[in-house]
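Summary of the model geometry
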Amino acid sequence: MKTMLTMPQLSKKEAENIAVCYDKLWKLMIDKKINKTQLCEKTKITTNAMAKLERNEDVRVETLVKICNVLNCNFIIWI
């Protein structure tokens, strides 16, 4: 069963002011017993992309898709 990460519906103004936070990703990784190095290897994402995730910075959707494919999860963003 896939885990679904969701965001409540936001107005455009609210969406512009929201900070990115990957806390649910780290929790999911703990639950799945996978560390950051293993995730980089399995997803073939760069260490720069992982560093951005660690700093809660924006990353490419392609990166998030790769992560979700490996962790068997979905992310849904309602705007």
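Here is a short report on the structure shown in this document.

Thresholds, definitions, all that
Residues numbered from 1 in each chain as written. Predicted model: local features only at pLDDT ≥ 70, side-chain atom pairs only at ≥ 80, totals over all residues. Heavy atoms only, no water. Buried < 20%, exposed > 50% of the residue type's maximum accessible area, 1.4 Å probe, protein only. Helix = DSSP H or I, 4+ residues; strand = E, 2+ residues; numbered from the N terminus. Salt bridge = Lys/Arg side-chain N within 4 Å of Asp/Glu carboxyl O. 1 Å grid on protein atoms, 1.4 Å probe; cavity = no way out; pocket = protein on both sides within 12 Å on 5 of 7 lines; lining within 4 Å. Points joined across faces, edges and corners; volume = space filled by probe spheres on them. Arc of directions from axis to C-beta. Contact = heavy atoms within 4.5 Å.

With that settled, consider helix 4 (residues 47-54). Within the span of helix 4, buried status applies to Ala 49, Met 50, Ala 51 and Leu 53. A positive phi of about 55° marks Asn 56, the residue just after helix 4.

Summed over all chains, the structure comprises five salt bridges. Between Asp 31 and Lys 27 there is a salt bridge whose closest N-O contact spans 3.0 Å. Taken together, the residues span about one helical turn, with Asp 31 and Lys 27 both in helix 2 (residues 23-31) at a distance of four residues. Given a relative accessible area of 46%, Asp 31 falls into the partly exposed group. With a closest N to O distance of 3.6 Å, Lys 66 and Glu 62 form a salt bridge. Here Glu 62 and Lys 66 lie together in helix 5 (residues 61-71), a separation of four residues that amounts to about one turn. Taken together, the shared-partner salt bridges connect Arg 60, Glu 62 and Lys 66 into one network.

So, on to the layout of surface pockets. To find leftover empty space, one rolls a probe the size of a water molecule over the atoms. For the second largest pocket, the calculated volume is near 180 Å³. As for the second largest pocket, its lining consists of Lys 44, Ile 45, Thr 46, Asn 48, Ala 49, Lys 52, Asp 58, Val 59, Arg 60, Glu 62, Thr 63 and Lys 66. Broken down by secondary-structure element, the contributors of at least two residues to the lining of the second largest pocket are helix 4 and helix 5.

For helix 5, the complete set of buried residues consists of Thr 63, Leu 64, Ile 67, Cys 68 and Leu 71. Looking straight down helix 5, one finds its buried side chains confined to an arc of 130°; they lie on one side. Across from the buried face of helix 5, at angles greater than 90 degrees, the exposed residues are Val 61 and Asn 69. Backbone geometry just after helix 5 places Asn 72 at a positive phi near 60°.

Moving on to the environment of Cys 73. Residue position: Cys 73 is located in strand 2 (residues 73-77). By relative accessible area, which is 3% here, Cys 73 ends up buried. It is 9.1 Å that separates the C-alpha atoms of Cys 73 and Leu 28, two residues lying 45 residues apart in sequence.

Residue placement: Thr 63 occurs in helix 5. Look past the residues within four positions of Thr 63 in its chain and what remains in contact with it is Ile 45 and Ala 49.

These figures come from the coordinates and say nothing about function on their own.
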